[in-house]
Amino acid sequence: MTTHTDRPAAPSTDLGELRRQLAVLHGGTVTSVHVPGGGAGLFALLIGLPDHRPDGTAELAHRWLTVARSGWTLDRPATAARATTPAAGAGRLAEDLRALIGRRITDVQVTEPGWGTLIAFGDHRLRIGPAAPPAPHLPFDETPDWALRLPSRRLLLIGPGPRWAERG
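All figures in this text were calculated on a predicted structure; none of them were measured in a lab.

Rules behind the numbers
Residues numbered from 1 in each chain as written. Predicted model: local features only at pLDDT ≥ 70, side-chain atom pairs only at ≥ 80, totals over all residues. Heavy atoms only, no water. Salt bridge = Lys/Arg side-chain N within 4 Å of Asp/Glu carboxyl O. Helix = DSSP H or I, 4+ residues; strand = E, 2+ residues; numbered from the N terminus. Buried < 20%, exposed > 50% of the residue type's maximum accessible area, 1.4 Å probe, protein only. Arc of directions from axis to C-beta. Contact = heavy atoms within 4.5 Å. Pairing = 2+ DSSP bridges. Axes fitted to C-alpha atoms, helices over the stretch in contact; angles between N-to-C directions.

J.: Help me get a handle on the pattern of salt bridges, residues and values and all.
T.: The final tally for this structure, using the stated rule, is 5 salt bridges. With a shortest N-O distance of 3.2 Å, Arg103 and Asp123 are connected by a salt bridge. On the criterion of sequence distance, the pair formed by Arg103 in the loop between helix H2 (90-98) and strand E5 (107-111) and Asp123 in the loop between strand E6 (116-121) and strand E7 (124-128) is long-range, its members being 20 residues apart. You can call Arg103 partly exposed: its relative accessible area is 26%. In this structure, Glu166 engages Arg154 in a salt bridge whose closest nitrogen and oxygen atoms are separated by 3.0 Å. One end of the pair, Glu166, is in strand E10 (residues 164-167); the other, Arg154, is in the loop between strand E8 (146-149) and strand E9 (155-158), and 12 residues separate them in sequence. The class of Arg154 is partly exposed, set by a relative accessible area of 30%.

Given below as structure tokens:
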């Protein structure tokens, strides 16, 4: 008898393929925000993504984009007069992130060398920095910088550092 175990794929460093995978975010709309208590700066955005079916129809797939590390900022237009960082209290963080509800993703960029990520929602910009390398005497933390559940229901894990993996 054979059993199937979906083991995580080895991390990839193929930036072109990661950019292709992230193209699914373009045109997605934030429908909800979740900020767990504790003030750790972690949050998740529920995004409605167009899911094009092989038969030509399209449905809206709601998927979570989860920021699992605290190295990020939310830049808001000059009229908002402030950027949000993980140091903000959970209440302010939730309030500021709620400004993204109803906003459409207009651009996604991953930059080299460390794979910083910019997700633009019109005039709001979410910047997710890569995880800092650990001190030599500390174990390497395998927690991804952020994750996205794809319309295919597979999980895209980005980071730590310049690598990504897909798991399902």
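J.: For helix H1 (residues 15-22), give the residues involved together with the corresponding values.
T.: Among the residues making up H1, those that are buried are Leu15, Leu18, Gln21 and Leu22. Seen from one end, H1 has its buried residues packed into an arc of 115 degrees, which puts them on one side. Packed against the buried residues of H1 are E5, E8, E9 and E10.

J.: Run through the sheet that holds E6, naming residues and quoting values.
T.: As summarised here, the arrangement of the 4 strands in space is E4-E7-E6-E5, forming an open sheet in which the pairing is antiparallel. Sheet topology places strand E4 (72-75) and E5 at the edges, where each strand pairs with a single neighbour. Taking the axes of each pair of neighbouring strands and ignoring which way they run, one obtains an average angle of 10 degrees across the sheet. Sheet topology note: the E6/E7 ladder contains 5 bridges and is antiparallel.

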